[in-house]
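# What the coordinates show
Chain by chain, the residues run as shown.
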Amino acid sequence: MHLAFNDAGTHVITTDWQTYIGLRTWNLASIVSPTTPMVPQAQYTSGSGTRMHNIRVLGKYAYVSHFMDGLRIVDISNPASLLSVGWFDTRPTTGGTSVWGGWGVWPTSTNVYLTDSDNGLYVLDFVDTITPFQADWKNGNNTLTVQASSTGAPSVELSVAGFGPLTYSSTTGKYSAVFTGVTVNPGSIVIQSDIGGRRIATVRRR
């Protein structure tokens, strides 16, 4: 039905009218001659039995207008393993294979714009809710220790502005990092998510 390329240009992502096919990724490196048949690397369906329509890619996410399902957001950072990370249904009380509903989609850095064939334009937020658990600065060894959680875990990436990324632990379900060489207590830090959303945390001196 529609297609888009990932940001790296290594894969093409397609949607299909067939409810059992849905979203698929195709590795462009697999084309070694004009007659080489392509094989999908991964596949995603919502499981609702609805049809997909349009697709846009921004960063590591594919935004799919999904007719009677509204909008689906899929993490394509690993083209071999697709993960649903967001959903907004413009028709939550209806379903089926109709080609009415979520029609066009356009993501930006702050919002997702979704059109519905009958209900008009929706402007949606796709942002993260971040909860800081620790922000400590130690004068003795000049380290800044940060720990936080995210409603988008584990798919999203968190970072501390001016310092660097946090690492997710599947054991604790939290993001954390220890930054060295921090000679002055910053007083406060900004923890931010790659899908939007930020949180200011006060740094305690230890």
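Above this text you will find the structure in question.
Residues numbered from 1 in each chain as written. Predicted model: local features only at pLDDT ≥ 70, side-chain atom pairs only at ≥ 80, totals over all residues. Heavy atoms only, no water.

## Some thoughts on the layout of surface pockets
By volume, the largest pocket amounts to about 150 Å³. Around the largest pocket, the lining comprises 13 residues; the ones closest to its centre are L58, Y63, T108, D194 and I195. Among the residues making up the lining of the largest pocket, the classes are represented as 6 nonpolar, 5 polar and 2 charged. (1 Å grid on protein atoms, 1.4 Å probe; cavity = no way out; pocket = protein on both sides within 12 Å on 5 of 7 lines; lining within 4 Å. Points joined across faces, edges and corners; volume = space filled by probe spheres on them. Nonpolar A, V, L, I, M, F, W, Y, C, P; charged D, E, K, R; others polar.)

## Brief notes about the pairing of strand β17 (residues 174–180)
Across the two faces of β17 the burial differs, with Y175, A177 and F179 buried and K174, S176, V178 and T180 not buried at all. Sheet topology places strand β13 (residues 143–150) next to β17; 6 bridges connect them, and they run antiparallel. Bridge pairing in β17 links T143 to T180. Relative to β17, strand β16 (residues 167–169) runs antiparallel, the two being bridged by 3 bridges. (Buried < 20%, exposed > 50% of the residue type's maximum accessible area, 1.4 Å probe, protein only. Helix = DSSP H or I, 4+ residues; strand = E, 2+ residues; numbered from the N terminus. Pairing = 2+ DSSP bridges.)

## Brief notes about empty space enclosed by the protein
A water-sized probe rolled over the atoms picks out the places where empty space is left. Counted under the stated rule, the structure contains 1 cavity of 30 Å³ or more. For the largest cavity, the calculated volume is near 30 Å³. For the lining of the largest cavity, the residue count by class is 1 nonpolar, 9 polar and no charged.

## Section: a nonpolar patch on the surface
On the surface, a cluster of nonpolar side chains totalling about 410 Å² of accessible area is made up of W106, Y113, L121 and V123. With respect to the helices, strands and loops of the structure, W106 is situated in strand β9 (residues 102–107). Exposure remark for W106: the relative accessible area of 47% places this residue in the partly exposed category. (Patch = residues over 30% accessible without salt bridge, like charges linked within 9 Å, V, L, I, M, F, W, Y side chains within 5 Å. Areas by Shrake-Rupley, 256 points an atom, 1.4 Å probe, with all protein chains shown as cover. Salt bridge = Lys/Arg side-chain N within 4 Å of Asp/Glu carboxyl O.)

## Points about the environment of M38
Along the chain, M38 turns up in the loop between β3 (23–27) and β4 (40–44). For M38 and N27, which are 11 residues apart along the polypeptide, the C-alpha to C-alpha distance reads 8.0 Å. Dropping the residues within four chain positions of it, M38 is found in contact with W26, N27, L28, S30 and I31. (Contact = heavy atoms within 4.5 Å.)

## Description of the nonpolar core
Ranked by internal contacts, the top residues of the largest apolar core, which has 28 residues, are L166, I189 and I191. Of all the elements in the fold, those that place two or more residues in this core are β6 (61–65), β7 (71–75), β10 (112–116), β12 (130–138), β13, β14 (158–160), β17 and β18 (188–193). Residues in contact with I189, not counting those within four places in the same chain, are A135, L144, V146, V160, F163, R199, I200, A201 and V203. Core analysis: the next-biggest nonpolar cluster, separate from the first, contains 13 residues, I13, L23, V57 and I76 among them. (Core = buried A, V, L, I, M, F, W, Y, C linked by side-chain atoms within 4.5 Å.)

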